[in-house]
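# Architecture and fold: a report
Read off the chains here:
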Amino acid sequence: MKIAKQIIQKSKQANAWSLGNQVLYDLCSTYYLHISEKAIIAKIWLIGRAYAAAIERRKQKKELNDDFYINVVAPRIMRSRLDDRLSELKHHNEITNDNLTLVLQTHHYLMTIFHKLTGLEKRSLAAKYLHFHLPHLFYIYDSRAASALNEFTPNLK
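This section reports on the structure supplied with the text.

Conventions used here
Residues numbered from 1 in each chain as written. Predicted model: local features only at pLDDT ≥ 70, side-chain atom pairs only at ≥ 80, totals over all residues. Heavy atoms only, no water. Helix = DSSP H or I, 4+ residues; strand = E, 2+ residues; numbered from the N terminus. Expected span 1.5 Å × (residues − 1). Buried < 20%, exposed > 50% of the residue type's maximum accessible area, 1.4 Å probe, protein only. Arc of directions from axis to C-beta. Contact = heavy atoms within 4.5 Å. Core = buried A, V, L, I, M, F, W, Y, C linked by side-chain atoms within 4.5 Å.

In this section: helix H2 (residues 18-30). The end-to-end C-alpha distance of H2 is 18 Å, a good match for the 18 Å that 13 residues give at a rise of 1.5 Å each. Listed in full, the buried residues belonging to H2 are Asn-21, Leu-24, Leu-27 and Cys-28. For H2, the angular spread of the buried residues around the axis is 120°, confining them to a single face. Summarising the geometry of H2, the exposed residues directed more than 90 degrees from the buried face are Leu-19, Ser-29 and Thr-30. Buried residues along H2 sit in contact with helix H3 (37-50) and helix H7 (123-133).

Okay, structure coming up:
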């Protein structure tokens, strides 16, 4: 099925969620690097909560959510090599054959960090978190996106 130009144009128009999304884009642009505990907590917390993918949803809760963000999440992300991976991708404006492997590896890398923190896969949170840092390379893929894709390609499960 060919997607009509007007459907694509409509999907790009401002809507009720545009301002909130812009706040998240601006947050991730202003605090792009993962060197500040406060910035990391703000980004993970707001993106996760806004997009129903909160990192505090985990298998075993050994500590309160606030302590989890401060004592576990922020230090682990600060110790990670996420900034190295993002800096390699930052100059790209679109996914190409040349950068596709790094895009996928970066998503997997962040999923691995989240899995170690939560005991859960957190694919959706990883996609959303990376999207707000590099929206031209990482797309929000969650159950809503999967349902929408199913409308166009029913065999995609």
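Moving on: the nonpolar core. By size, the foremost hydrophobic cluster in this structure holds 33 residues, and its most contacted members are Ile-44, Ile-55, Leu-110 and Phe-114. The set of elements that each furnish at least two residues to this core consists of H2, H3, helix H4 (65-79), helix H5 (82-89), helix H6 (100-118) and H7. Per-element accounting of this core gives the leading share, 8 residues, to H6.

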